[in-house]
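Examination of the molecular architecture
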Amino acid sequence: METKEKGINLLSNTKKVLLTIFIFSLVLFLVISYVVYNILDDDYNYTEFNAKTIDEKIKFPWVVIKNIDSFEIDKSKVIIYFHNKKDMEASCQGENEKIENTFKIKQSECFFKLPKQKFSITSNKAKIVIVEAKEELVFSSNQTWLEIASNNSDYKFEINGTQNYICELNSKENGTLIKGTFNQSLINLYSKED
């Protein structure tokens, strides 16, 4: 009889330990998820601003950068506005450099005001928000989250690639062209939920 009671007590103690570990793991997962969500959540609604008004929200200085027609974005968050000036303006926190006509961004958060010209964007593991594109954008992207804020602008989409999730895009024949090859990416309209 004592052996059965010891076996039952051992089984009961094992269940308590496993249940405690499970509850601790669940609570830890929920806490980590909450922290990650709050870190990745946008501070404000980008569509409430344009190239002229975004200055009031940006903490870092704007720098004028001439002769840029392409971007290489790696593990970064980039918000793009368009303006009527002839040169690009950038406000970045993190690693970035200009090499010839390419602006390279790595592990950064950047805001851009782009002139009305065609740009090529290569991205890897990035989040990109485009607000009111005025000229053609050509992408070559891997594991990128591209959000497009329409703000009553029309776009024409030509998107190729594999393993993408594309939603809420309404292509118009005479719209500003956004095209490219995307792999394992999410492409959707930007919306800031209150």
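Refer to the structure presented above.
Residues numbered from 1 in each chain as written. Predicted model: local features only at pLDDT ≥ 70, side-chain atom pairs only at ≥ 80, totals over all residues. Heavy atoms only, no water.

**Notes on the overall build of the chain**
The line we're drawing: Think of it this way: any DSSP run of H or I at least four residues long counts as a helix, any run of E at least two long counts as a strand, and we number them from the N terminus. Each residue's exposure class comes from its accessible area (1.4 Å probe, protein chains only) as a fraction of the maximum for that residue type: buried when under 20%, exposed when over 50%, partly exposed otherwise. Any two residues having at least one pair of non-hydrogen atoms within 4.5 Å are treated as being in contact.
The helix and strand inventory of the chain stands at one helix and 13 strands. Mapped in sequence order, the helices and strands of the chain form the string α-β-β-β-β-β-β-β-β-β-β-β-β-β. Per-residue burial for the chain yields a buried fraction of 38% across its 194 residues. The contacts of the chain with a sequence gap of at least 6 include a subset with a gap of at least 24, amounting to 57%.

**Focus: the environment of S191**
Along the chain, the position of S191 falls in the segment after β13 (186-189). Overall, the relative accessible area of 46% leaves S191 in the partly exposed class.

**Some points on the state of the cysteines**
Note on terminology: a disulfide is the covalent bond linking the sulfur atoms of two cysteines. The condition is simple: Counting rule for disulfides: a pair of cysteine sulfur atoms within 2.5 Å.
If you walk through the whole model with that rule in mind, you get one disulfide. Covalent S-S linkage joins C92 and C110, the inter-sulfur distance amounting to 2.2 Å. Between C92 and C110 the sulfur-sulfur dihedral comes to about 125°; the bridge is accordingly right-handed. Of this pair, C92 sits in strand β4 (residues 88-99) while C110 sits in strand β5 (residues 102-114); the two residues are 18 residues apart in sequence, bridging distant segments of the chain. Relative accessible area serves as the criterion here: at 0%, C110 is assigned to the buried category.

**Let's talk about the packing of aromatic side chains**
Condition: Only centres within 6.5 Å qualify two rings of Phe, Tyr or Trp (six-membered ring in Trp) as a pair; their planes then separate them into stacked at under 30 degrees, edge-to-face at over 60, and tilted for everything else. Two conditions define a charge sitting above a ring: the NZ of Lys or the CZ of Arg must be within 6 Å of the ring centre, and it must be within 35 degrees of the ring normal.
Counting across every chain of the model gives six aromatic pairs. When the ring of F71 is compared with that of F119, the centres are 5.7 Å apart and the planes differ by 40°; the resulting orientation is tilted. Here F119 lies in strand β6 (residues 119-124) and F71 lies in strand β2 (residues 70-74), a separation of 48 residues in the sequence. For the ring pair F103 and F112, a centre distance of 5.5 Å and an interplane angle of 85° mean the geometry is edge-to-face. A relative accessible area of 3% means that F103 is categorised as buried. Accessibility expressed as a relative area gives 0% for F112, which makes it buried. By the ring-pair criterion, three or more aromatic residues cluster together here, those being F71, F103, F112 and F119. Its end group placed over the ring of W62, K113 keeps NZ or CZ at 4.4 Å from the ring centre. We note K127 situated over the ring of W145; from NZ or CZ to the ring centre the distance is 4.4 Å.

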